[in-house]
Structures are given as structure tokens and as C-alpha cells.
Amino acid sequence: RLVLGIETSCDDTGAAVLDETGAILGESLNSQKEVHLRTGGIIPTVAQQLHRENIERVVQEALERSSVAPGQLSAVATTVKPGLALSLGIGLEFSLRFVRQHNKPFIPIHHMEAHALTVRMLQPVAFPFLVLLVSGGHSLLAVARGVDDFLLLGHTLDEAPGDTLDKVARRLSLIKHPQCSTLSGGQAIELLAKDGDRTRFPFTTPMGQTYDCCFSFAGLRNQVTMTIMKQEAEEGVKQGTLLTCVNDIAAATQHTVASHLAKRTHRAILFCKAKGLLPSSSPTLVVSGGVASNQYIRKALMIITEMTGLHLLCPPAKFCTDNGVMIAWNGLERLREGKGILPPNVDVCYEPKAPLGVDISAEVKAAAIRLPS
Ligand code: ATP
Ligand code: FE
């Protein structure tokens, strides 16, 4: 079995051809990050135009590098939800044309399902397992019970942690920092935090009085912004000037994000144990998404998994962020189980908003599990 995976849900145009063992036969990725870094965030019409300009070449490259002709493919898998409407539309339109032209089955992919399953391409991980996905657009905790069977324990109520880190980095003008000019907000904050004192600005960990597994980062961003304004006043500088305390602000922000993620994850583990949702022998927590490449956050999660006896798995950074590989792998997983495979002449719509699996966050909240202090 050979599957071509296509990803355009946000700001990366990605394509890859995989075989059923998970071997990557060929891949290509066009990242728009630099463009969006310059404009201070993703402008959907710009992202759409860049996907349009690159999709054909990226898919061609993936096919050429894999030495696989379209006729040899078993199916084409493409992200159709969730994501930016204008971006999703380009990948979907291209894919539908492609499958019709080559008479191939089409497998629509949920972007977060793909993030959650990527780990199984790298090593054997049996269902069910707990998964924490943290990226620029998402923040969720779910039990993966099967390829297309997820229980959503918690999700963000406002923004995603990567988005928060990007906005804080922008407010701090970290792009002007000599070490950070080419880094994403999250990477810049991780780097600067290494030389920072996280105790200088004691931010409050969000949702301390809500005993569920949902996330909130907007309040933290507000706390950080207030602190930045105060520091600008104290240093007598205008907004846009690099503050002398950027390292300390970065360290405190990163610490609070890590603490929030760790606490919600800890509660999710306790909930799963109480409800028997995870296997009793070697239960696993999988962490993925761009923010999961943060070593400080990984360490915080490791403390929790060691405390609760879970096995922690984080795919390497290259597989934590968006690419065509994870979409192709998800296609192979679905193909193996015969789930969600559509004929070439099908009409599929993209869905900008789409929750992953069955949402049981209200049940988790009702259980009101307190964490040990
Ligand atoms: P989504 O996958 O939700 O559609 P996305 O494409 O923005 O969103 P990713 O490419 O998985 O997500 O991740 C990008 C995000 O990860 C950015 O917000 C970036 O700041 C953050 N990030 C990248 N590296 C790090 C790091 N080392 N520490 C913290 N955050 C990071
Ligand atoms: Fe993603």
C-alpha cells in the first residue's frame, strides 16, 4: 500500500508518499513561516496565495523523490479539517482534481487525528493511549481509543499555547533580538528563558479553581502584557523597544504555560485511571504539536508521568509540526481499517472548525478531581 498525504491546513504546504510500514518514500514541505513572521502573524489570503503557488510543485517533488507514479498510489489522503478555510480549500481542491484525474480513492483527514497518530508511525503504540496536543492553533487532551475513535477530555476555551507564546514574543519585539530574528515565538521564548529568572514575575497559573481538563491562555497573556507595560514605564521606553528583562519575562511565561499544561494533564491521567480508560500495564501519554518540542514543557510533563506511572512519548520535533508525512500515515491507518475511504468522484467540503472525537469535557468537569498538592 502506498499513500500520498497532502497538508495545507495552516501555513505549511506539505506532501509525502509513505508505504504501509511507515517508511517515508518521498516528501516535500514548503513552510510559509518566514513570510508570516515578517507580517506579524498569518494573513489568511497571503497563506492561501502561497499554498496556491506551491501545491503543485510540492506534490510533484514528493512523488518524484519517492519514485512513485500517481498510478501506483493506493489512495490520496488530505487534511480537510480543522484549519484556515482559505488554506484548507487549496489542498482539498487540488486533491479532488488529482484523485479524479488518476481515479484514486480519497481519504479526508482530521488534522488533529493525524497529529495524535503520528507516534504510531515511529514505534508500536497500542490503543488506548492518552494524548496531549499543543500547537499554534490547538490545545487538547484526548484518549485515543482507535484510529477514528477519540474521547475529548479537554480543549482550550480561548487561544492555543503556541499562539499565546507567539503573541507574547511579538509584544516583546523579540524579532529584534539578535538571537531570535529567525525563530518562532515559542522557540524565541524557550531560548531566552534559559538565561531568565522565572520567579521575578510570578504569573498565576490559569484556571486554578476549575477542576477540569480544559485550558485557557488569554488571561495569562493579559498578565504578561500588563507586566510588559509596567516594565516599559519603569525603563522609560516606548512599546517596541527590547526590554532588559526579556529573559525573566520569557522564563516566567514559559513556566506558567508548562505548569498549566502539566496540571491539566495530571488531572486527565487521574480521570482516566478512575474510569479505567487506559490499560493497567504500561499506560502511555503521547505529546505532540509544535509546542511539544519545548524541552522545559517536556520536563514538566515528565515529572507528572513519573509520578503517575505513565510512559511519556514525544515524537521528534520534525514530526510534531505540520507536514504531509503525518497525513499520509493517517491515510494508511484508515486504509488498513477500511475507515473513511471515498470514491474519486466524491464531493467533500472542508470544515474550518471540527472537534476531535466525542467531547466528554463536561463529564470530566463534573468529576471535579483535585490534584494532590
Ligand atoms: P496547528 O497545528 O494547530 O494547526 P500550527 O501549524 O501553528 O497550528 P505547529 O506547526 O504544530 O502548529 O506549531 C507551531 C507553534 O509551535 C507556534 O506557535 C510556535 O511558537 C510553537 N513552538 C515551536 N517551537 C516551540 C518551542 N520550542 N517552544 C514552545 N513553542 C514552540
Ligand atoms: Fe498542526
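What you are looking at is a predicted structure, and each value in this text was computed from that prediction instead of being measured. Along each chain, the written sequence defines residue order, and numbers are assigned to residues from 1. Throughout, the order in which chains and ligands are written sets their labels, letters from A for the former and numbers from 1 for the latter. Confidence filtering applies because this is a predicted model: local features only for residues at pLDDT of at least 70, side-chain atom pairs given and counted only at 80 or more, and all residues used for totals across whole chains, interfaces and linings.

**A short note on helix H12 (residues 324-337)**
Here a strand is any run of E in DSSP of at least two residues, a helix any run of H or I of at least four, and the numbering for each starts at the N terminus. What a helix should span is 1.5 Å times the count of its residues minus one. With 14 residues, H12 extends 20 Å from end C-alpha to end C-alpha; this agrees with the ideal 20 Å at 1.5 Å per step. Once C-beta atoms are placed from the backbone, each residue is buried if 20 or more other C-beta atoms lie within 10 Å of its own, exposed if 12 or fewer, and partly exposed for counts between those two. Along H12, the residues that are buried comprise Gly 324, Val 325, Met 326, Ile 327, Ala 328, Trp 329, Asn 330, Gly 331, Leu 332, Glu 333, Arg 334 and Leu 335. One or two positions beyond H12, positive phi appears at Gly 338, with a value near 65°.

**Focus: the sheet that holds strand E5 (residues 106-110)**
When DSSP finds two or more bridges between a pair of strands, those strands are recorded as paired. Strand order in the open sheet made by the 5 strands is E3-E2-E1-E4-E5, with mixed pairing throughout. Of all the strands in the sheet, just strand E3 (24-31) and E5 have a single pairing partner and so form its edges. Strand-to-strand twist in this sheet, taken as the mean axis angle between neighbours without regard to direction, amounts to 20°. Alignment of strand E2 (residues 12-19) against E3, held across 7 bridges, turns out to be antiparallel. Considered in E3, the bridge of Val 17 is made with Gly 26. The contact criterion used is a C-beta to C-beta distance within 7 Å, with each C-beta placed from the backbone. Axis definition: a line fitted to C-alpha atoms, limited for helices to the stretch in contact. Angles are taken between N-to-C directions and run from 0 to 180 degrees. Seen against the sheet, helix H3 (residues 85-102) touches strand E1 (2-7), strand E4 (75-81) and E5 and runs at an angle of roughly 155° to E4.

**Quick notes on the environment of Ala 328**
Within the element layout of this structure, Ala 328 appears in helix H12. According to the C-beta neighbour criterion, Ala 328 is buried, with 35 such atoms within 10 Å. Sequence separation between Ala 328 and Gly 146 is 182 residues, and the spatial gap between their C-alpha atoms is 17 Å. Each residue touching Ala 328, except ones within four places of it in the same chain, is listed here: Val 3, Leu 4, Gly 5, Ala 16, Val 17, Leu 18 and Ala 77.

**What to know about helix H10 (residues 295-308)**
Helix length check: H10 (14 residues) gives 20 Å between terminal C-alpha atoms against 20 Å at 1.5 Å per residue, within 8%. If you follow the buried residues of H10, they end up packed against helix H9 (246-275), strand E9 (284-288) and strand E10 (311-313). Phi turns positive, to about 75°, at Gly 309, one or two residues after H10.

**Let's talk about the pairing of E2**
In summary, the side chains of a regular strand alternate between the two faces of the sheet. With respect to burial, E2 is a largely interior element, 7 of its 8 residues being buried. Of the pairings in the sheet, the one linking E1 to E2 comprises 6 bridges and is antiparallel in character. Residue Ile 6 lies in a different strand from E2, and its bridge partner there is Ala 15. Taking the residues between adjacent antiparallel strands as the criterion, E1 and E2 are bridged by 4 residues. Hairpin connection between E2 and E3: a loop of 4 residues separates the two successive antiparallel strands, and Gly 22 in this loop has a positive phi of roughly 90°.

**With respect to the site of ligand 1**
Placing the C-beta atom from the backbone, one calls a residue near a molecule or strand if that atom lies within 6 Å of it. If you check the shell around ligand 1, you find 23 residues, and the closest are Gly 136, Gly 137, Gly 162, Gly 186 and Gly 290. Among the elements of the structure, helix H6 (161-171) and helix H7 (185-193) are those that each provide at least two residues to the shell around ligand 1. A per-class count over the shell around ligand 1 returns 3 nonpolar, 16 polar and 4 charged. All residues other than Ala, Val, Leu, Ile, Met, Phe, Trp, Tyr, Cys, Pro, Asp, Glu, Lys and Arg, Gly among them, are scored as polar; the first ten of these are nonpolar and the last four charged.

**So, the sheet that holds E10**
On the basis of which strands lie adjacent, the open sheet formed by 6 strands has the order E10-E9-E6-E7-E8-E11 and mixed pairing. Looking along the sheet, the strands with just one partner apiece sit at the ends: E10 and strand E11 (358-359). Of the pairings in the sheet, the one linking strand E7 (residues 139-146) to strand E8 (residues 149-155) comprises 6 bridges and is antiparallel in character. Bridge assignment links Ala 144 to a residue of E8, and that residue is Phe 150. Along the sheet face, H9 touches strand E6 (129-134), E7, E8 and E9 and points at about 160° away from the line of E6.

**Re the UniProt feature "domain: Gcp-like" (unreviewed entry) in the protein chain**
With numbering aligned to this structure, UniProt lists the feature "domain: Gcp-like" (unreviewed entry) at residues 24-329. This span, residues 24-329, is 49% helix and 16% strand, and a straight line between its end C-alpha atoms measures 9 Å. UniProt positions are given in the numbering used here, feature names are shortened, and annotations may be inferred rather than shown by experiment.

**What about unusual backbone geometry?**
Across the chain, the bulk of peptide bonds are trans and the bulk of non-glycine residues have phi less than zero. Along the chain, Phe 127 connects to Pro 128 via a cis peptide bond; the corresponding omega equals -10°. Positionally, Pro 128 belongs in the loop between helix H5 (119-122) and E6. In this model, Ser 173 sits at a positive phi of 55°, which is unusual for a non-glycine residue. When you line up the elements, Ser 173 lands in the loop between H6 and H7. Judged by the 16 C-beta atoms lying within 10 Å of it, Ser 173 is partly exposed.

**Considerations on the nonpolar core**
Definition of nonpolar core: a set of buried Ala, Val, Leu, Ile, Met, Phe, Trp, Tyr and Cys residues joined via C-beta atoms within 7 Å. Ala 142, Leu 153 and Ala 328 are the most contacted members of the largest nonpolar core, which totals 109 residues. Of all the elements, H9 adds the most residues to this core, at 13 residues.

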